[in-house]
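Commentary on secondary and tertiary structure
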Amino acid sequence: MKLKITAGPFVFDAVLETEKAPQTCKAFIERLPFEGQIVHVRWSGEGVWVPLGDYNFGVGYENHTSHPAPGHIILYPGGISETEILLAYGGVDFSSKMGQLAGNHFITVTSNLENLAVLGNKTLWEGAQQIRFELA
């Protein structure tokens, strides 16, 4: 299943990882279109995240990682830290002030990968950016 992601001034194509993270993908699809704001990660490295507080997607861990590759989007379903969606644009060691975390890799960006770092740096230096996920 294909998605369109609009983040700041950029548009990315992406695919849902339905075979690797079926429950996470199902829960996310039910909430599309999904909008929020990305801010730069604080502890994790080169990534941006959508802080979601105590928002509950109703999923546990599946296809989880602490080291998403550039273009991988993970969902941390909550627990010892707040719920969040993280988009890696470079090296990420996913963690919080509580320590190491793991999130479900459920979306992979497939186009305009060269703009991921530009988006990350724009978010770092200019502040929060709007993000929208929708079916393509």
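Look a little higher up for the structure.
The following refers to the structure shown. (Residues numbered from 1 in each chain as written. Predicted model: local features only at pLDDT ≥ 70, side-chain atom pairs only at ≥ 80, totals over all residues. Heavy atoms only, no water.)

A few points about the pattern of salt bridges
For the record, the criterion: Put simply, a salt bridge is a Lys or Arg side-chain nitrogen that is within 4 Å of an Asp or Glu carboxyl oxygen. Burial classification: accessible surface area is computed with a 1.4 Å probe over protein chains only, and a residue below 20% of its type maximum counts as buried, one above 50% as exposed, and the rest as partly exposed.
Evaluated as defined, the whole model comprises 4 salt bridges. Residue lysine 26 pairs with glutamate 30 through a salt bridge whose shortest N-O separation is 2.7 Å. Classification of lysine 26 as partly exposed rests on a relative accessible area of 47%. Looking at glutamate 30, the relative accessible area reads 53%, which means it is exposed. The closest approach of N and O atoms between arginine 132 and glutamate 134, which form a salt bridge, is 3.4 Å. Within the structure, one salt-bridge network assembled from shared partners comprises Glu35, Arg132 and Glu134.

Some words on unusual backbone geometry
A negative phi holds for most residues other than glycine; trans holds for most peptide bonds. What counts is decided by this rule: For helices the rule is a DSSP run of H or I covering at least 4 residues; for strands it is a run of E covering at least 2, with both sets numbered from the N terminus onward.
The linkage connecting leucine 32 with the following residue, proline 33, adopts the cis geometry, with an omega of -5°. Residue placement: proline 33 occurs in the loop between α1 (22-29) and β3 (34-40). Even without being glycine, asparagine 63 reaches a positive phi, approximately 50°. Along the chain, asparagine 63 turns up in the loop between β4 (45-51) and β5 (64-65). Taking relative accessible area as the criterion, asparagine 63 reaches 29% and is therefore assigned partly exposed. One non-glycine residue, asparagine 112, lies in positive phi territory at about 55°. Tracing the backbone shows asparagine 112 in the loop between β10 (103-109) and α2 (116-126). Under the relative-accessibility criterion, asparagine 112 is labelled partly exposed at 31%.

Notes on the side chain of serine 95
Heads up, the condition is: Contacts are residue-level and defined by heavy atoms, with any inter-residue pair within 4.5 Å sufficient.
Structurally, the position occupied by serine 95 is in strand β8 (residues 95-96). Classification of serine 95 by relative accessible area gives buried; the value is 16%. Ignoring sequence-local partners within four residues, the contact set of serine 95 consists of Trp43, Ser44, Gln100 and Leu101.

Focus: α2
Our working rule: It is the directions from the helix axis to the C-beta atoms whose arc is reported.
If you check which residues of α2 are buried, you get Leu116, Leu119, Gly120 and Thr123. Angular distribution of buried residues about the axis of α2 spans 100°; they occupy a single face of the element. Residues Trp125 and Glu126 are exposed on α2 and point more than 90 degrees away from its buried face. Of the surrounding elements, those touching the buried residues of α2 are β1 (2-7), β2 (10-16), β3, β4, β7 (84-92) and β11 (129-135). Count one or two residues on from α2 and you reach glycine 127, which has phi positive near 105°.

Re the pairing of β10
Regular strands have side chains that alternate between both faces of the sheet. Definition in use: In short, DSSP must find at least two bridges between two strands for them to pair.
For β10, a buried count of 7 out of 7 residues is recorded, marking the element as mostly surrounded by other parts of the structure. Pairing analysis gives 3 bridges linking β2 to β10, with the strands arranged antiparallel. Directly across from alanine 14, in β10, lies its bridge partner valine 109. By the bridge criterion, 4 bridges tie strand β6 (residues 72-76) to β10 in an arrangement that is antiparallel.

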